[in-house]
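# Overview (structure and organization)
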Amino acid sequence: MKTIKLLFFILSFFLIGVTFVNAGTGSGSVIVTVTLTTPTITTTSPVTSITQTTATGGGNITSNGGATVTVSGLVWSTAVNPTTANSKTTNGWAIGGPWTSGMTGLTANTLYYVRAYATNSVGTAYGTDVTFTTLPASCSSPCGTIASGSTCTAYLASSVNY
């Protein structure tokens with residue numbers, strides 16, 4: 001019995017394994033095996049446009065795993081390895097290049113863990129964690145609004161305690 005195994009790479013990252021079997025009778029059969037996996041995704045870093053309550057992160061889906069990606073985006077938390085059960089963005093999906101997504105509702109001066117995710121019919125895959133810290137909250141002063149740690153000189157008729 002002869003067995004020849006071939007692996008074809010088809011556009012849109014769909015893998016099909018094909019096995020040709022010939023029992024020596026001149027006839028043969030073709031067995032097609034399709035293996036679906038979760039998408040392959042990376043988290044792009046660094047996180048940018050960080051404010052007290054917002055930031056922008058991104059990802060890159062490099063393979064759909066053989067099934068259509070139905071949703072992708074970012075997940076974030078103050079704990080490591082956030083999942084779609086945590087805060088998230090819900091984007092469409094893109095393959096073949098990096099994309100960005102905005103995170104909102106963040107708390108000032110807080111360390112966050114963020115990672116990209118992509119979901120297909122097999123399941124959800126995640127990129128690696130990237131960390132960032134939101135900016136500190138501002139305070140009001142006689143000089144106007146200044147960021148924590150900044151210096152302001154004002155001449156007052158009385159003292160002001162912060």
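Note that this is a predicted model, so its numbers are computed, not measured. (Residues numbered from 1 in each chain as written. Predicted model: local features only at pLDDT ≥ 70, side-chain atom pairs only at ≥ 80, totals over all residues. Heavy atoms only, no water.)

### Notes on the overall build of the protein chain
- Each helix and strand counted, the protein chain has zero helices and 13 strands in total.
- Mapped from its N terminus to its C terminus, the protein chain presents α and β elements in the order β-β-β-β-β-β-β-β-β-β-β-β-β.
- In the protein chain, buried positions account for 33% of the 162 residues.
- For the protein chain, the exposed area adds up to about 9,500 Å²; of that, 57% sits on carbon and sulfur atoms. (Helix = DSSP H or I, 4+ residues; strand = E, 2+ residues; numbered from the N terminus. Buried < 20%, exposed > 50% of the residue type's maximum accessible area, 1.4 Å probe, protein only. Areas by Shrake-Rupley, 256 points an atom, 1.4 Å probe, with all protein chains shown as cover.)

### A word on the environment of Ala-108
- Secondary-structure assignment places Ala-108 in the loop between β8 (99–103) and β9 (111–119).
- The spacing of Ala-108 and Ser-138 is 30 residues in sequence and 9.1 Å in space, taken between C-alpha atoms.
- In contact with Ala-108, other than residues within four places in its own chain, are Gln-52, Thr-134, Leu-135, Pro-136 and Ala-137. (Contact = heavy atoms within 4.5 Å.)

### A few points about the packing of aromatic side chains
- The final tally for this structure, using the stated rule, is one aromatic pair.
- Ring geometry for Tyr-112 against Phe-132: centres 5.6 Å apart, planes inclined by 20 degrees, an arrangement best described as stacked. Taken as a pair, Tyr-112 in strand β9 and Phe-132 in strand β11 (residues 130–133) lie far apart in primary sequence, 20 residues in all. As far as burial versus exposure is concerned, Tyr-112 and Phe-132 are alike and both buried.
- The ring centre of Tyr-126 lies 4.2 Å from the NZ or CZ of Arg-115, which sits over that ring. (Phe/Tyr/Trp six-rings, centres within 6.5 Å; stacked < 30°, edge-to-face > 60°. Lys NZ or Arg CZ within 6 Å of the ring centre and 35° of its normal.)

### Some details on unusual backbone geometry
- Pro-46 follows Ser-45 through a cis peptide bond whose omega is 0 degrees.
- Even without being a glycine, Asn-109 presents a positive backbone phi close to 55 degrees.
- Along the chain, the position of Asn-109 falls in the loop between β8 and β9.
- Taking the relative accessible area as the measure of exposure, Asn-109 reaches 53% and is therefore exposed.

### Structural notes on the confidence of the model for the protein chain
- Of all residues in the protein chain, 65% attain a pLDDT of 70 or more, and the chain-wide mean is 77.
- Residue range residues 1–20 is modelled with pLDDT below 50. Its contacts to residues more than four positions away, or to other chains, number 48 contacts.
- Considering only residues more than four positions removed or in separate chains, one finds that residues 154–162, a stretch of pLDDT under 50, has six contacts. (pLDDT = per-residue confidence, 0-100.)

### Notes on the environment of Gly-73
- Tracing the chain through its elements places Gly-73 in strand β6 (residues 71–77).
- C-alpha of Gly-73 to C-alpha of Trp-93: the two residues are 20 residues apart in sequence and 7.9 Å apart in space.
- Discounting residues that sit within four places of it in the chain, Gly-73 has contacts with Thr-89, Asn-91, Trp-99, Arg-115, Ala-116 and Tyr-117.

### Section: the pairing of strand β4 (residues 40–48)
- The sheet contact formed by β4 and strand β5 (residues 55–63) spans six bridges and is antiparallel. What sits directly across from Thr-40, in β5, is Ser-63.
- Hairpin connection, β4 to β5: the antiparallel pair is bridged by six residues, and Ser-49 has positive phi, about 50 degrees. (Pairing = 2+ DSSP bridges.)

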